[in-house]
Amino acid sequence: MRITGLIFGGLAVFLVPVAIVYGFMTGFEEWVGFPALLLTAIMCGFLAFFIFFTEKHHPDQPSDNLDGEIVDAAGDYGFYSPWSWWPLMLGIVCAIAVVGMAVGWWILAIAAPLAVVGLVGWVYEYNRGAHAH
């Protein structure tokens, strides 16, 4: 994790001067590139901080061992329900929302309640039905 944190920290440090140079080259009149580069630098800084903070609580990671093998990182990475249809519904809702932002904002009024239904269904799918605990 230390190497990953250093990579994100280096990116944050690199992107700030790049954003400033980009701003001067465009005369700070182009309102997409300069803020996007600055926000990317801020995001990389946040990720570097989070990774360094997390590393203090989990110091021994397989990726930090230079003599480690791939099998050292084996293990459980989480749980996913292979029979769940809720991720498909949320993907369709995201597609509707993107179309709504591109075509007309009124389409988001269709996507918003569907997103709520999809999220609630995905969160509570193990509380009811055949797979309840």
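Within every chain, residues take consecutive numbers counted from 1 along the sequence as written. Totals for whole chains, interfaces and linings use all residues, but because this is a predicted model, local features are given only for residues with pLDDT of at least 70 and pairs of side-chain atoms are given and counted only at 80 or more. Excluding hydrogens and water, the side-chain figures rest on all heavy atoms present in the structure.

Some remarks on the overall build of the chain
For clarity, the cut-off: Put simply, DSSP marks the helices as runs of H or I at least four residues long and the strands as runs of E at least two long, and each gets a number from the N terminus on. We compute the radius of gyration over the C-alpha atoms and compare it with the globule rule, which gives 2.2 Å times the number of residues raised to the power 0.38.
A count of helices and strands for the chain gives four helices and zero strands. Helices (α) and strands (β) of the chain occur, in sequence order from the N terminus, as α-α-α-α. In terms of overall dimensions, the chain is more spread out than a globule: its C-alpha atoms have a radius of gyration of 22 Å, far above the 14 Å expected for 133 residues. The principal-axis extents of the C-alpha atoms in the chain amount to approximately 55 × 50 × 20 Å.

A few points about the side chain of Glu125
Here is the rule: The contact definition used throughout considers only heavy atoms, calling two residues in contact when any of these lie within 4.5 Å.
Mapped onto the fold, Glu125 is located in the segment after helix 4 (108-123). When sequence neighbours within four positions are dropped, the list of residues in contact with Glu125 reads Ser81, Ser84 and Trp86.

Focus: the domain arrangement of the chain
Note the cut-off: Domain ranges listed in this record stem from an automatic or a database domain assignment.
What the domain assignment reports for the chain is domain 1 (1-67) and domain 2 (83-122). The distance between the C-alpha centroids of domain 1 and domain 2 comes to 31 Å.

Things to note about helix 3 (residues 86-103)
The following threshold applies: Between the first and last residue of a helix there are one fewer steps than residues, each counted as 1.5 Å, and that sum is the expected span. Burial status follows relative accessibility: with a 1.4 Å probe on protein chains alone, a residue under 20% of its type maximum counts as buried, one over 50% as exposed, and anything between as partly exposed. An arc is given here, and it is the one of the directions from the helix axis to the C-beta atoms.
An ideal rise of 1.5 Å per residue puts 26 Å on 18 residues; helix 3 measures up with 25 Å between its terminal C-alpha atoms. Of all the positions in helix 3, only Leu90, Val93, Ala97 and Gly100 are classed as buried. Seen along its axis, helix 3 keeps its buried residues to an arc of 70°; they face one direction. Opposite the buried face of helix 3, by more than 90 degrees, sit the exposed residues Val98, Ala102 and Val103. On its buried side, helix 3 packs onto helix 4.

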